[in-house]
Number of protein chains: 2
Amino acid sequence: MPDLIVTGSVGLDTVTTPFGKRAEQIGGSATYAALAASKFARVGMVSIVGVDFNADTLSWLASQVDTEGVEISGKTLRWTAKYEYTMEEAETLDTKLNNIVDYVPELPEHFASVPFHLLANLDPDKQLKVIEQIKSPQHFIAADTMNFWIANKKDSVIKVLKHINLLVLNEGEARQLFATPNLIKAGHAALSLGPEFVIIKKGEHGALLFSNRGLFSIGGYPLETVTDPTGAGDSFAGALMGFLANQYQEAANLSINEPMVRKGLVTASAVASFTAEGFGPEILTKATINDIKERYDVFKQLHQF
Amino acid sequence: MPDLIVTGSVGLDTVTTPFGKRAEQIGGSATYAALAASKFARVGMVSIVGVDFNADTLSWLASQVDTEGVEISGKTLRWTAKYEYTMEEAETLDTKLNNIVDYVPELPEHFASVPFHLLANLDPDKQLKVIEQIKSPQHFIAADTMNFWIANKKDSVIKVLKHINLLVLNEGEARQLFATPNLIKAGHAALSLGPEFVIIKKGEHGALLFSNRGLFSIGGYPLETVTDPTGAGDSFAGALMGFLANQYQEAANLSINEPMVRKGLVTASAVASFTAEGFGPEILTKATINDIKERYDVFKQLHQF
């Protein structure tokens, strides 16, 4: 039985950055999140790929995570994007939603009873459908979102917040959702809507964690070369939830406390830095627990005074 | 005798932010830096004000710092600016340089022998003239700069770097000076040009310290209300140098080491947060050592894991 269920998209990404280009590389929110989480915990993945999806890639994925929740139908989602010199934000050149449009996530029986769930970026109405299927009486649910859903389905995004324990979003999304330029205000506003923990990701500037225990702040991992930031945010959420699910397995109780989330956030930042260092999930998949621990220790030095 | 000499501008600022407006309020790089430094050390100020400068304001300034190095001549520098909703960057509406154009800083005899010098934002050629006047055989010199000088006098800015121990600049300036979007690369490039310590200020995202001892990173102080960021950067540099000059007085030796600069940087971030909380230097001047220590302790909590 998996320790953590990750629900989200699988797609084929064509990405150009100042360092090169990759065509039709495996991507999607569930892919990055599940691969990152699999460093720490047994992961069950809930998603959809098309009948056009490469069979070898799918079996490779099945060797990393439990893919029983991955449906095969229609044509795979495609995303084409470009990063400029500053690497700040992807410019989407083309999106073909394909099979993701009518997809409704369905949790296999043995996934529904797992207490840890990550709802990676996906239509908030579909995230709500997943929440309905969770059967574990005690649970810890995290969700990510994206500017598109905030702009077009804000009510559903807010509804998701009522049911989750942890919200992860980036700084632009936080400002947009709470209509304020001030991230501290935005974080507190998010907390008041339901989640115990709210994390605002700030890319190269690190991340902020809000909870009733007060604020935690971490800088970005000092990378000299960011090759392709695609999936770094999803890897971050996945690694964090994988870390927490693993802590839970080890301690055999569900009280996820704030100091634990702080440690998870630092670990997740280390994992996300590997994703950003290579194209697609190329370096993420290679990073070992020892590599991650080394970067965790760099974070220790980074903030000591 | 002062512990620290601050050289820079004094001006009259007219600033509009979403929270209100102040007209002809005392400003300028030397004003903010000297006032911040005066929390920790005895400060000598080197600058110029016009004959039109308010006499009461000048005597108030003289009650805070040694103004023997403040020349009175011509008409005072004026700056008019506006901050938009995001508070990110000031939009300069008007600058009247007035007496600052032909001003050449002159250090009084008892200032020249002081080992600690802060060259607050000023024409780099004038900063070089100050460096020539420093007579203390051992010294610790810090300098700030600004986008205008990088664009127009880059060679002089680089020349200043060869003579200083500590460079303070903001993230936009760092990217501009070293033609890279990557702050880690920019910091290392700055180090290679002379200074032992390089600090990149990132506003709400905190600051980075580069040295041969490795990287230090601190988040921004979690302010819910930024009223007017004017002078926050100058206060930061002033507080840091005031803190270091004070440490030197207490320990009676000039070896400014990296752990000391880390502590100074955190202290300086706390001081700068007070500046940003009010218009002009209104809250900065009121902040006590205890207020600053409280925020220092918040930083301790903020980064603990």
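Residues numbered from 1 in each chain as written. Chains lettered and ligands numbered in written order. Predicted model: local features only at pLDDT ≥ 70, side-chain atom pairs only at ≥ 80, totals over all residues. Heavy atoms only, no water.

Peer 1: Is there a simple way to explain the packing of helix α1 (residues 29–37) of chain A against helix α9 (residues 232–251) of chain A in this structure?
Peer 2: Axes are the key here: two packed helices are described by the angle between their axes and the distance separating the axes. Residues and elements named next belong to chain A. Between α1 and α9, the shortest axis-to-axis distance is 7 Å and the interhelical angle comes to 40 degrees. As summarised for this structure, α1 and α9 are arranged oblique, according to the angle between their axes. Here α1 runs over α9; the crossing is right-handed. Residues Ser 29, Tyr 32, Ala 33, Ala 36 and Ala 37 of α1 lie in contact with α9, whose contacting residues are Asp 234, Ser 235, Gly 238, Ala 239 and Gly 242. For the contact of α1 with α9, the per-class residue count stands at 5 nonpolar, 4 polar and 1 charged. (Axes fitted to C-alpha atoms, helices over the stretch in contact; angles between N-to-C directions. Helix = DSSP H or I, 4+ residues; strand = E, 2+ residues; numbered from the N terminus. Parallel < 35°, antiparallel > 145°, perpendicular 65-115°, else oblique. Left-handed = near helix turned anticlockwise from the far one by under 90°. Contact = heavy atoms within 4.5 Å. Nonpolar A, V, L, I, M, F, W, Y, C, P; charged D, E, K, R; others polar.)

Peer 1: What's the story with the side chain of Thr76(B) in this structure? I'm lost.
Peer 2: All names here are of chain B. Tracing the backbone shows Thr 76 in the loop between β5 (66–72) and β6 (77–83). With relative accessibility at 0%, the residue Thr 76 sits in the buried group. Only 2.9 Å separates the side chain of Thr 76 from the backbone nitrogen of Gly 50, close enough to count as a polar contact. Only 2.7 Å separates the side chain of Thr 76 from the side chain of Asp 52, close enough to count as a polar contact. (Buried < 20%, exposed > 50% of the residue type's maximum accessible area, 1.4 Å probe, protein only. Polar contact = N/O pair within 3.5 Å; in protein donor to acceptor, adjacent residues only side chain to side chain.)

Peer 1: Before we go on, may I ask you to explain the relation of the copies chain A and chain B in this structure?
Peer 2: Relating the two copies of this chain is a rotation about some axis coupled with a shift parallel to it. Each copy of the sequence occupies a distinct position, and chain A is placed on chain B by a rotation of 180 degrees and an axial shift of 0.0 Å, giving an RMSD of 0.0 Å. Taken together, the rotation and translation describe the operation of a two-fold axis. (Least-squares fit on C-alpha atoms with pLDDT ≥ 70 in both.)

Peer 1: Help me out: how do you make sense of the pattern of salt bridges in this one?
Peer 2: Where charged atoms of side chains with opposite charge meet at close range, the side chains can pair. Within the structure shown, the criterion is met by 26 salt bridges over all chains. One salt bridge connects Arg22(A) with Glu282(A), and the closest N-O pair in it is separated by 2.8 Å. In this pair, Arg22(A) is assigned in strand β3 (residues 20–27) and Glu282(A) in helix α11 (residues 282–286), connecting sequence segments 260 residues apart. For Arg22(A), a relative accessible area of 30% corresponds to the partly exposed category. With a shortest N-O distance of 2.5 Å, Arg78(B) and Asp52(B) are connected by a salt bridge. Of this pair, Arg78(B) sits in strand β6 while Asp52(B) sits in the loop between β4 (43–49) and α2 (55–64), and the two are 26 residues apart along the sequence. With relative accessibility at 17%, the residue Arg78(B) sits in the buried group. (Salt bridge = Lys/Arg side-chain N within 4 Å of Asp/Glu carboxyl O.)

Peer 1: Is there a simple way to think about the interface of chain A and chain B in this case?
Peer 2: One frequently used descriptor of interface size is the decrease in accessible area upon assembly of the parts. Contacts between chain A and chain B engage 35 residues on the former and 35 residues on the latter. At the boundary of chain A with chain B, total buried surface from both sides reaches about 3,000 Å², with 53% on carbon and sulfur atoms. The largest contributions to the chain A side of the interface with chain B come from His205(A), Glu224(A) and Phe305(A), which together make up 27% of the buried area. The interface formed by chain A and chain B contains 2 salt bridges. The salt bridge involving Glu204(B) is made with Arg175(A); its shortest N-O contact spans 2.6 Å. Across the chain A-chain B interface, the total number found is 22 residue pairs in polar contact (both at pLDDT 80 or more). For the side of chain A that touches chain B, the residue count by class is 15 nonpolar, 11 polar and 9 charged. (Buried area = accessible area lost by both parts, 1.4 Å probe.)

Peer 1: Can you help me understand the packing of α9(A) against helix α10 (residues 258–277) of chain A in this one?
Peer 2: Residue and element names in this part refer to chain A. Where α9 meets α10, the axes come as close as 7 Å, and the angle between the chain directions of the two elements is 140 degrees. The angle between α9 and α10 places the two elements in the oblique class. Relative to α10, the crossing made by α9 is right-handed. Residue-level inspection shows Ala 232, Ser 235, Phe 236, Ala 239, Leu 240, Phe 243, Leu 244 and Gln 247 of α9 in contact with α10, the latter providing Met 260, Val 261, Lys 263, Gly 264, Leu 265, Thr 267, Ala 268, Ser 269, Val 271, Ala 272, Thr 275 and Ala 276. When grouped by side-chain class, the residues that make up the contact of α9 with α10 number 13 nonpolar, 6 polar and 1 charged.

Peer 1: Before we go on, may I ask you to explain unusual backbone geometry in this structure?
Peer 2: Residues apart from glycine generally show negative phi values, whereas peptide bonds are mostly found in trans. All names here are of chain A. A positive phi angle is found at Glu 24, which is not glycine, with a value near 50 degrees. Mapped onto the fold, Glu 24 is located in strand β3. With a relative accessible area of 41%, Glu 24 lands in the partly exposed category.

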